[in-house]
Structures are given as structure tokens and as C-alpha cells.
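Single-letter residue listing:
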Amino acid sequence: MAGMNEDPLALLPEIFLLVGALSTLLAGSFLPRRRQWVARLVAAAALVAASVAAAVPLGDAPRTVWDGTFTVDTSTGVARLVAFLACLLVIGLGGDELAGDRRESETYTLLLLGTSGATVLAGASDLLVLLVGFFLASIPLYGIVGLARTPRAAEAAMKTYLLGALLGITLMLGVTLLYGLAGETSYAALSARLGDAPVSASLVGVTAVVGGLMFKAGAVPGHFWVPDAAQGAGGAAAAFLTSVPKVGALVALFRLVEMLPASVDARPLIGVLAVASMTLGNLAAFGQDDPRRLLGWSTVSQVGYLLVPVAVAGRTDLALPALLLYLAAYAVTNLTAFAVTSSLPAHRDLASYRGLAGARPWLAGGLVVALLGLVGTPPTVVFAGKVTVIAAAWDGGSAWLAVAVVVNTVVSLFYYLRWVAPAFARGEPVERTSPVAFVPRPWAGAVAVVTAVASLLLGLAAGPVWDLVAPVVGGG
Amino acid sequence: MLTVIVVLPLVAAVVLAGVPVPEGVARWSWLAVTAADLALVVGMWVAYDAPAAGALAYEEKVPWIPGVDSSYHVGVDGLSLPLVALTSVVFVACAIYALHGQDRPRAQAALFLFLQFTCLGLFVAADLLVFFVFFDLSIVAMYFVIAGWGHGETAARSALQFFLYTFLGSLALLLGFIGLYLLAEPHTFDMVVLANQAPAATAGVRGGLVLAAVLLGLAVKTPTVPFHTWLPPAHTDAPAVGSAVLAGVLLKMGTYGFVRIAMPMFPSAWRAWAWVVLAVGLISVLYGALVALAQTDIKRMIAYTSVNHMGYVVLAVGAAGLVSGSDDKARQVAVTGAVTQMVSHGLITAALFLLAGVLQDRAGTYQMGSYGGLAGPAPRFAGMFAVGAFASLGLPAFSGFIAEFQVFTGSIAATAWAAPALLGILVTAALFLRAIQQLLTGPTRGSSEGFADLRRTEATAVGSLLMLSLLVGVVPRPLLAVIEPAASVVVDAVQR
């Protein structure tokens, strides 16, 4: 075909990650266990290089490469940046937990591969590329969940695998069906031809594809693995799997929904799933006593908020910037919360956080910024995200979604405060408020503080951030 | 200038939170910063020139999120300047009162300075998002005040109730703000533009719904009946300085929102809803007074009189929406009275709550029945309390009289239906006289025995608040001269 646009440089960030993953694996095989930090450095260097490569073309006009199968635009650029930096932070917060581990270098390899899968998902503008991205992101995930080698982790890995396999098959089914209906798999062709195809068959195909992506996003109905994996996996793994795959899945979903012709409208479906996710996630988080599991359910509800701009994709100019802003905000805030739990791995119930504010004020500060941030309290960056998400929903003609977001936000406050309250409880005995009561792991603790500060600064600098994510539509 | 006033307490809060200074240094630097801030506000007031209608003085504007046309836009006018001054005064009084505080003074000072930052920021905000940011942050800070320094078994629970209730209100407010943003063409969060444009006027039912969301948020914060149930437990368990700030400053955020946002931005919807607002105000006045009469706990009693006093404000702004059947002048008097009442209530109630805190500090109880004849052992306390009580029930020569007189003149001129609110004054008079009788007169008994009189710091804090109330009551002109032009702008805006 003429003008294939085979520009390998467009995939430079992913190439960096793949090369990084392979080098990490090789380096890890030859290095003695005590010098595995070299592998960590290699992985980090790959992520930094990939971030730079992703940031450079950010201002450029959107373009498609490889015969229209992959799009490089602001969405892809922002998704890449968020995913890479999130992965970098995950490696940072795992610095204590993973160092010297028997599978240290393999972990980094899986993280890098999973991240590249997520960004391939984000840029896919062809169903087959979407499929590739899905599996590239999913298969490392199963390994990451199971790395902890505890019974809980094994169960979580099994659950993740089974659900992933099931919804992966659904996704393939949907892709096949849509291919059969349109005769092609590129979004451009689907957009043009699905309008003439039988509506019910198209809707079945689209629903199946959406179902697959819901697994990656960790939203209803593909959410069952999230709380188990968040609870059972190691700290770094949990932080990774609740942030990076979502970035890819949600941007991919946005592209899909926006591309579909008017006769095959997936927006109502996404809207219903959004409300279901936020409501179910919040209600289920109520009774949780393990902070990790509580966060797991909280991410389910957060995906619900993230699906709101997808449900008004193309109906308002606010939708895409709102999604990207909220994605970045969610990633940094969620990582803060997971970093706090990773820094105190032995504290596995909410009551054991009693006295944290007296013992470790900085860590407690990070926790408050993270949890109130997840609620959307200003001036954290999630506030800016939430405001724009609500505005997008309203402007896009779905005011009911805006109301659902607000009601759920109030509900979520309950369980986040259940965690904050013991940490700041008064009158605790000295042995709970002296620094020795809480000995945070240094790397994870540092990441918690850094990301908390970043969450505040990004909130104050929401203007420039918005400019970064805003100029999306138009161009070539 | 304005930014300096707002940010100074924040900077001090961060420094105090981060640097482990000795306790005494923390207490005195808290006082020094609040005093410096007050000095700046006084300077600003002296140099203040009433801005033109629809404009602000000391305006500053820096883009924040240009994508949604939100900017850090601040400025003051006759509505906000008195409240900025009130905030500074109340926080100075709290800093003086807390000079003898023993419970983690450094953290307390940092938290209160942060709270002051949010209050000042809210009153000078001229952008809905910035307004909301400060609104929400004030709730967070107050939550930590109640949960961290509250007393009693139920402090954590009251703090949670306070947080959830007012946070719910704040989200309704946010929804309303986003609605306003989307109604405006082009979309903007700028309050000055929105007030001049009044986009909801042409929006019919949607405009009404957006106003309903805003009103719900403000009504929870004010609080008006039936959204007041968070207030008494929050006050009962809050520390004295926390209560003083909560009643003196935070409640004003709700009523300030009425005159700053609801009235000028939704003129037609406001006129349509004026009777409802008036009725809610009337019910708050009467219900608050009657429930206060039934209290045996002095702090709960003062808390319910706050519902009553805020009810006068709501009554007045409701009456200002009744355009037919009243002249401009009457409605302007009503709005002026409403703003004056905010200032007056802030001064007097803060003083009363500080005095109630002294009871808790000395004898560990707020039950009026367990005291008696306090005038004997604690003459200074008795004198201050009596003055505060008379000021609160609206005795002439105090600010409360000036405020309530204007509220009633303006409201009753608009509609005779406002007249039953006069009964509220009667009931509050009765309950304050009864409280004076129970606490101060008679033979010294129960918890009054061995009651240590006010310390010099406590007397200074309470006395300065009451002196200011007296000053406003005797020489109201400087305050009214600032408020009146702004009140007439609001009244004109509602007529559009």
C-alpha cells in the first residue's frame, strides 16, 4: 500500500521500553543478587529515555502511522508520559521491597513490558493493534500479581488470569464481529462502514470490545480482580496494577467511543458502567479494614469517575482534556496512597495507623493529601480533574452523571475518613506516637512525600497542565 | 496587598508546622502574625475607596486554569471588606485567648493560621473556583480543629458529622458553580463577569435549578433550618477558640454567599424564590430562638442563638428580593442590615463562645444548672458575660441593635410577614436573662465555688471583641459608609 507512513520513530518510547526490558532481563541473569540494582538503574534509564521521547512530540499536530493503525497525538503523548512516570515511581516505591529479591530484575522486565502494552493500547487506532496492546499489557500483569508468592497473591493471580482470559476472549470475539461487519479493522474504516451494518450486531461487537477494556480499566464488570490483587500483591505491584493499565484502557476506550458512528452509540453503556463502578466501588470500600483492599475498591470507584468523560466523548470539547487531566491526577494521587501503605507493609488494618500523625507527621501528611485528594478536595490536582469531569458531563448533556459523581464523592468521604481519623486520633499512648512505633521504609516513604507534594503543586499549576492536555482536536 | 494579607498566615502556618520552635515562641508568633495581618487590614480599610458598581478595589488577577477561564482573582468591596476585618479581629482575639493554651500550641497555631488563610481567601475571592477552594479548605481545617482539640467523648463523631454535612453542602455548591459556569457565554468562573452578566436570568428552569443547588450549599453552611443539625454538636465538642472561629467567621461564609453570589448572579430566580428564602429566614429566627430557650447547656444555647441570628440575615436578603411593593431604599436598608448583622454576630458570638470556653476550662462543664452566683468569685467573668448577653439580645448602643434595627426596618417595609421575627428578639432576651440569672446571680454554689476569674489574656480577648461591638453600636457611620454603596449595588442587581 502506498504511503504506509512507516515511521519507526513514532514508536520510539515503546522501543525504549522493549529494549530496556530485554536489557534488564539479560543484565539480571548475569548479575549477582546483591548487584541487581544495576538492573533497576537500567529499567529507570529506559523509562526516563522513553519519557523524554514521549514529551518531545507533545506539541505537534496529531498524526497516524503504520497505515493508520497507531495514532500519535496529545492523548497518546499524555498517556505515555503518565504511564512512564507512574512506572518510574512504582520502581521507586518498590526500592526497599524489591531490592535483593530473587525476582528483582524479572519484576522490572514485567513492569516495563506491561507499561509498553498500556501505551500501545492508548495509541491504538486499529482493532488488531488494540488486541496486541491488550495482551502485551495483560500477560505481564498476571506475573506481577503472582510475584509475591503468598497464598493470597497466588489466588489473586489466578483470579486475574481467569478474568483476563475470559474478557480477552470477549474482546477477540468483538474484534472478529466488527471485522466481519465492516470488512476492516482500522478505526477510520469502522467509523465509515459500521453505520451501514446491522445495528444490533454492531452493538454486540462494540459491547464485547468494551467488556475487554473494562478488565484493563478495572471497572464494572471487569473489576473482580482489582481488590484481590491490590490486597494480595506486593506494594509496588499493587501500585502498578491500579494505575498504569487504567491509563491505557481509558484512552483506548475514549478513542473507540469517539470513533463509532451515531447509529452505534456506546455512550449510554459507558455512562451506566461509570455509575455502576463508582457506586459499587464506594459501597464495597465501606466495610474494608485492610487499607490495601480499601484502596483497591477505591480505584474501582475512581475508574467510574474516569469513565464519565468517556461517556460524553465527542459531545463537548471538555471531555478529552478532562479525561487526561483526571488520569494524570488520579495516577499521582493513587500512587501516593499506595506508597504510604508500601512504606508500612506490616500495618494491614486501619486501626494500626493510630498515632501515625504524632510519630511520622510527614507520612501522615502524605496520607491526608492522598485520601482527601482522592475525594477531590482542593487544591490537590484531582480537584481540578473532578471539576472538569463534572463540567464535561453537564456540558455533554449528561447532567445525571454529574449528579452521580457528586453523590458518590460524598459517600466516598466516609471510608477515606475512616482511615484518616485513626492516623490523627488524639490521646494515643506515647508508644504509638513515638517515632519508633512507625518505621517507614525509606524509598516508599520518600515517594509518598514526593507524590503528595506533586499532587498539591500540580493542583496549583492546573493551568499549565490543562494547556498540556487541551489542544487535542483539530490539526492533521 | 490583598495577596499579602491572605498569604501571610499561610506562610506562618507552614513555618510553624515545619520548624520545631518552643511552645512559647509558637504562641507568641501566632499572635504576632495575626496582629500584623490585622494591621495590614486596617491600613487597607483606611486607604479604601469604594469601587464603582460591579468592580472591586485592590483587585488582583492571575490566570489559574485558563482552559476553563478560572483565575486567581481577588478584590474587596463593601460586602467583603467588613468581613475581612472581622476575620482578622476574631483570629487576633483567638490568638490572645490561646496564649495560655497547653495542648500542642505549635500545631494549634499552625492550624489556626491556616484556617485564617482560608477564611480571608474566601472573602476576597472573585472567582467561583477560588471561592470553592477556600470554602472546602476551611471545612478540612475546621475538621482537624474539632477532631484534634475538641473535648468530650464525642469529639471525633461530631467532627465527622460536621465534615460530612458541610462537605455535602459544599458539593451542592460546586454543582451550582459548574452550572453557572456552563450557563455563562462565554463559559467563565469569574464572579465579576458573572454578576454583571447574570447568565441565569435567561435560563428559565435550569437557572432555577442551579440557584437551588447554590442555595442548598449556602443554607447548610449558614446554617438555616432545616439544615442546622450539624451545628450544636460541632460547637459542643469544639474547643473555645474553634467555636469562636466557627460561629464568628465560618458561618458568615454562607450568608456572604447569599449577597455575593446568589443575589447578583440569579436576579430573576432570586425574586421568584424570595418568599421561600424569607420563610426559611423567619422559621430559623423563631425556631432557633425557641430551641435555644430549651437548652440547659450554655454552649448549645449560644449555638442555637446563632441559628436565630443568622436567620435575621436570611430574612433580610429574602425581603430584598421582594421587588414589588417596596422601594429601593427599604431593600437597601435590609441588605445593609444583613451585612452589619454578619459583622456584629461575629464579634459578639465569638466573645460569648470564648467565655463559655472559660467555664469548661475551670469547671469542666457547660451545664448552666451546675453554676450559680458566679458574680461573687468571678466578677470580671460576670461583667463580660452580662455585657455579651445584652449585646447579643440587641440592646441599643451595641452593634446588634444597629444591625437588627436595619434588618427589621428594611424587611417589614418590604412585607408585613417579616414582623413575626420580632418575637425572636423577645425570646432571645428571655433566654439570655435567664442564663445571666442562673450563672451569675444568687448564692455561690456548685461549680462556681473556687472559680478562678478571667486571666488577663482571656479578658483582653473577650473585652476587645465586646469593645468593638460597642464601638460599632455607638459610632456605626464608618462601617455603614462602607457597606451601603455595596448594598445598593446588590439591590440594583436583583432588580434586573
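Everything numeric here is computed off the predicted structure, so don't read it as measured data. Think of each chain on its own: its residues are numbered from 1, step by step along the sequence as written. Chain A is the first chain written and ligand 1 is the first ligand written, with later ones labelled in order. Reporting of local features is limited, given that this is a predicted model, to residues whose pLDDT is at least 70; pairs of side-chain atoms are given and counted only at 80 or more, and all residues count toward the totals for whole chains, interfaces and linings.

K.L.:
I keep staring at the overall build of chain B and nothing clicks. Help me out?
P.N.:
Secondary structure elements follow DSSP: runs of H or I no shorter than four residues count as helices, runs of E no shorter than two count as strands, and numbering proceeds from the N terminus. For chain B, the count of helices and strands is 18 helices and two strands. Using C-alpha atoms as the atom set, the radius of gyration is obtained and then compared with a globule rule of 2.2 Å times the number of residues to the power 0.38. Taken over C-alpha atoms, the radius of gyration comes to 21 Å for chain B, in line with the 23 Å a tight globule of 496 residues would show. Taken over the C-alpha atoms alone, chain B extends approximately 65 × 55 × 40 Å along its principal axes. Each residue is classified by how many other C-beta atoms fall within 10 Å of its C-beta atom, where C-beta atoms are placed from the backbone; a count of 20 or more means buried, 12 or fewer means exposed, and values in between mean partly exposed. Going through the 496 residues of chain B one by one, you find that 64% of them count as buried.

K.L.:
Can you walk me through the packing of helix α13 (residues 328-363) of chain B against helix α14 (residues 379-392) of chain B in this structure?
P.N.:
All names here are of chain B. The axes used here are C-alpha line fits, helices contributing only the stretch in contact, and every angle between their N-to-C directions lies in the interval 0 to 180 degrees. It is the contact of α13 with α14, at a shortest axis distance of 9 Å, that shows an interaxial angle of 145 degrees. Crossing handedness for the pair α13 and α14: left-handed. Contacts between α13 and α14 involve I348, A351, L352, L355 and V358 from the former and F381, M384, F385, G388, A391 and S392 from the latter. Three classes are used: nonpolar for Ala, Val, Leu, Ile, Met, Phe, Trp, Tyr, Cys and Pro, charged for Asp, Glu, Lys and Arg, and polar for all others, with Gly counted as polar. Looking at side-chain class alone, the contact of α13 with α14 contains nine nonpolar, two polar and no charged residues. The crossing is said to be left-handed when, going from far helix to near helix, the turn is anticlockwise and less than a right angle, and right-handed when the turn is clockwise. We call two residues in contact when their backbone-placed C-beta atoms lie within 7 Å.

K.L.:
What is the right way to read helix α1 (residues 12-30) of chain A from this model?
P.N.:
Think of an α-helix as 3.6 residues a turn; residues three or four steps apart then line up on the same face. Residues and elements named next belong to chain A. Each helix should span, by expectation, one fewer than its residue count multiplied by 1.5 Å. With 19 residues, α1 should reach 27 Å at 1.5 Å per residue; the first-to-last C-alpha distance of 27 Å fits that figure. Considered for burial, the residues of α1 that qualify are P13, E14, F16, L17, G20, A21, T24, A27 and G28. End-on, the buried residues of α1 take up no more than an arc of 155 degrees, which puts them together on one face. α1 presents S29 and F30 as exposed residues on the side facing more than 90 degrees away from its buried surface. Tucked inside the fold, the buried residues of α1 contact α2 (37-55), α3 (74-93) and α5 (104-123). To be clear, the arc concerns the directions from the helix axis to the C-beta atoms.

K.L.:
Explain the interface of chain B and chain A here, please?
P.N.:
Interface size is commonly expressed as the accessible surface area that is lost when the partners come together. Counting from both sides, the interface comprises 27 residues of chain B and, opposite them, 26 residues of chain A. At the level of secondary structure, the elements contributing two or more residues to the side of chain B that touches chain A comprise β1 (57-65), α5 (128-149) and α6 (155-183) of chain B. Among the elements that line the side of chain B that touches chain A, the one with the most residues is α6 of chain B, at twelve residues. Counted by class, the side of chain B that touches chain A contains 23 nonpolar, three polar and one charged residues.

K.L.:
Help me understand the packing of helix α6 (residues 127-146) of chain A against helix α12 (residues 244-259) of chain A in this model?
P.N.:
A pair of packed helices is captured by two measures, namely the crossing angle of their axes and the spacing between those axes. All names here are of chain A. At a minimum axis separation of 11 Å, α6 and α12 run at an interaxial angle of 160 degrees. Judged by the angle between their axes, α6 and α12 are roughly antiparallel. As for how α6 packs across α12, the hand of that crossing is left-handed. Facing α6, whose interface residues are L130, G133, A137 and L141, α12 presents P245, G248 and A252. Here the contact of α6 with α12 is built from residues that sort into five nonpolar, two polar and no charged. We call two directions roughly parallel when the angle between them is under 35 degrees, roughly antiparallel when it is over 145, roughly perpendicular when it lies between 65 and 115, and oblique otherwise.

K.L.:
I keep staring at the confidence of the model for chain A and nothing clicks. Help me out?
P.N.:
In low-pLDDT regions, the fine details of the predicted coordinates are not to be read closely. Residue and element names in this part refer to chain A. When pLDDT is averaged along chain A, the result is 91; 98% of the residues meet or exceed 70. Mean pLDDT per element in chain A: helix α20 (residues 430-433) is the minimum at 78, and helix α14 (residues 291-311) is the maximum at 96. pLDDT measures the predictor's confidence residue by residue and takes values from 0 up to 100. Here residues 472-476 is a poorly scored stretch, pLDDT under 50, and it has ten contacts once near neighbours within four places are set aside; other chains count.

K.L.:
Help me understand unusual backbone geometry, please; the structure alone is not making it clear to me.
P.N.:
For residues other than glycine, phi is negative in most cases, and the peptide bonds are mostly trans. Omega for the peptide link from V220 of chain A to P221 of chain A comes to 10 degrees, which places this bond in the cis form. Turning to its location among the elements, P221 of chain A is positioned in the loop between α9 (199-217) and α10 (225-232). Of note in the backbone geometry, W66 of chain A takes a positive phi value of approximately 50 degrees without being a glycine. The phi torsion at R104 of chain B lies on the positive side, around 40 degrees, for a residue other than glycine. Tracing the sequence through the fold places R104 of chain B in the loop between α3 (80-97) and α4 (105-124). Taking the C-beta count within 10 Å as the criterion, R104 of chain B has 16 such neighbours and is therefore assigned partly exposed.

K.L.:
What is the right way to read the environment of A148 of chain A from this model?
P.N.:
All names here are of chain A. With respect to the element layout, A148 can be found in the loop between α6 and α7 (151-182). For the pair A148 and W419, spaced 271 residues apart in sequence, the C-alpha separation works out to 25 Å. Among residues more than four places away in sequence, those in contact with A148 are A153, G232, A233, G234 and A237.

K.L.:
Looking at this structure, I do not really get the pairing of strand β2 (residues 70-76) of chain B. What am I missing?
P.N.:
On any regular strand, side chains alternate: one points to one face of the sheet, the next to the other face. All names here are of chain B. By the criterion of burial, β2 is predominantly enclosed, with seven of the seven residues buried. Every second residue of β2 is oriented toward a common face, with S70, Y72, V74 and V76 on one face and S71, H73 and G75 on the other, all of them buried. Taken together, the six bridges between β1 and β2 define a ladder with antiparallel strand orientation. The residue of β2 that forms the bridge with E60 is V74. Counting the residues between successive antiparallel strands, the hairpin from β1 to β2 contains four residues, one of them, D69, with a positive phi of roughly 50 degrees. Any two strands with at least two DSSP-identified bridges between them are counted as paired.

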